[in-house]
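This is what each chain is made of:
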Amino acid sequence: MWYHRPVITAELLQSLPNLKIVASSGMGIDHLDLNLLSSYGVKLSNTPFVVSTDTADLGMALMLASSRRLLEGYQMAVSPDTEYFPSDWLGSEVSGMTLGIVGMGTTGYKVAQRAKAFEMKILYHNRHQRNKEEESAVGATYCKKIDDLLQQSDFVLLSVSLTPQTHKLIGKRELELMKPTATLINISRGLAVDQDALVEALQNKVIKAAALDVTYPEPLPRDHPLLKLKNVLITPHIGGATKKTHRLMMENMVESIQASLAGVPVPNEVF
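Just so we're clear, the structure is a prediction, and the values are computed from it rather than from any experiment.

Kindly report on the packing of aromatic side chains, identifying the contributing residues and their values.
Within a pair of aromatic rings, the relevant descriptors are the distance that separates the centres and the angle that separates the planes. Tallied over the entire structure, the rule returns 1 aromatic pair. Between Tyr124 and Tyr142, the ring centres sit 5.2 Å apart and the planes meet at 50 degrees, which makes this aromatic pair tilted. Within this pair, whereas Tyr124 is found in strand S4 (residues 121-125), its partner Tyr142 is found in strand S5 (residues 140-142), the two being separated by 18 residues in sequence. Of the residues examined, Tyr124 reaches a relative accessible area of 0% and is grouped as buried.

Here it is, written out as structure tokens:
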């Protein structure tokens with residue numbers, strides 16, 4: 001499967017009685033019915049590790065681009081109407097600020113490694129606390145309650161898998177807990193955020209800005225209010241979209257398929 005296609009339905013599975021495995025590109029599996037696949041005896045694999053580095057890079061890029069207003073700056077620099085650059089046109093600093101990472105898995109931890117180089121104070125919320133050595137390596141502090149992270153962070157970055165527990169994890173209540181000067185960054189799944197609540201929060205300056213690599217749906221309808229707000233930066237779900245990573249994803253998928261056909265343990269099998 002590439003970009004969630006083909007759609008795996010019961011009708012498709014019934015038409016493929018000899019199917020052994022579905023190899024899905026990327027990390028997320030929220031587009032798949034694991035119980036349905038299992039009921040047909042079909043294995044599932046994904047490519048969770050090859051996308052983490054690029055996705056972490058993009059998370060930092062979104063943070064920097066949003067805080068330093070790069071898109072607005074570019075538009076100003078190239079506009080035929082620009083006669084001078086205003087001296088009071090200012091962005092916000094990143095170095096030394098507090099970054100709250102929600103979801104400290106492989107990608108979240110790589111974001112923390114990058115943020116450490118920016119001398120950021122790093123907070124994180126996760127289902128399980130990482131060990132002290134891992135925390136110490138990036139200078140991260142565990143927040144058992146997400147509320148504590150939201151209240152303290154200048155940037156809140158989402159790096160979670162989409163599950164029933166993380167569906168609209170960030171809603172009206174959570175946004176109101178954030179600082180009015182804070183920026184929300186989402187590199188996970190669009191449905192981890194209540195978009196209607198986010199639009200309202202951005203319009204009413206409950207939070208300062210949002211930088212989103214993911215939305216729902218993708219792409220957004222062309223008249224969606226998020227596309228009209230100046231304090232929003234949106235990219236087209238390109239977290240893992242580099243030439244090297246796409247090739248590695250395909251190689252991982254081929255390895256999983258070959259292993260399944262050979263009857264040996266499948267790399268990156270999802271259980």
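Kindly report on the UniProt feature "domain: D-isomer specific 2-hydroxyacid dehydrogenase NAD-binding" (unreviewed entry) in the chain, identifying the contributing residues and their values.
Under the UniProt annotation, the feature "domain: D-isomer specific 2-hydroxyacid dehydrogenase NAD-binding" (unreviewed entry) is placed at residues 60-239. The span residues 60-239 shows a helical share of 32% and a strand share of 16%, and its end C-alpha atoms are spaced 11 Å apart.

Tell me about the pairing of strand S8 (residues 209-212), and please be specific about residues and values.
Side chains Ala209 and Ala211 project from S8 onto one buried face, and the interleaved Ala210 and Leu212 project onto a second face that is buried too. Here 4 bridges tie strand S7 (residues 183-186) to S8, and the two strands are oriented parallel to one another. Note on S8: the bridge partner recorded for Ile185 is Ala211. Taken together, S7, helix H9 (residues 195-203) and S8 form a β-α-β motif whose crossover is right-handed. Judged from the 3 bridges that link them, S8 and strand S9 (residues 232-234) form a sheet pairing that is parallel.

Rules and cut-offs
- Residues numbered from 1 in each chain as written.
- Predicted model: local features only at pLDDT ≥ 70, side-chain atom pairs only at ≥ 80, totals over all residues.
- Heavy atoms only, no water.
- Phe/Tyr/Trp six-rings, centres within 6.5 Å; stacked < 30°, edge-to-face > 60°.
- Helix = DSSP H or I, 4+ residues; strand = E, 2+ residues; numbered from the N terminus.
- Buried < 20%, exposed > 50% of the residue type's maximum accessible area, 1.4 Å probe, protein only.
- UniProt positions renumbered as here; feature names shortened; annotations may be inferred.
- Pairing = 2+ DSSP bridges.
- Right-handed = clockwise from strand over helix to strand, strands pointing away.

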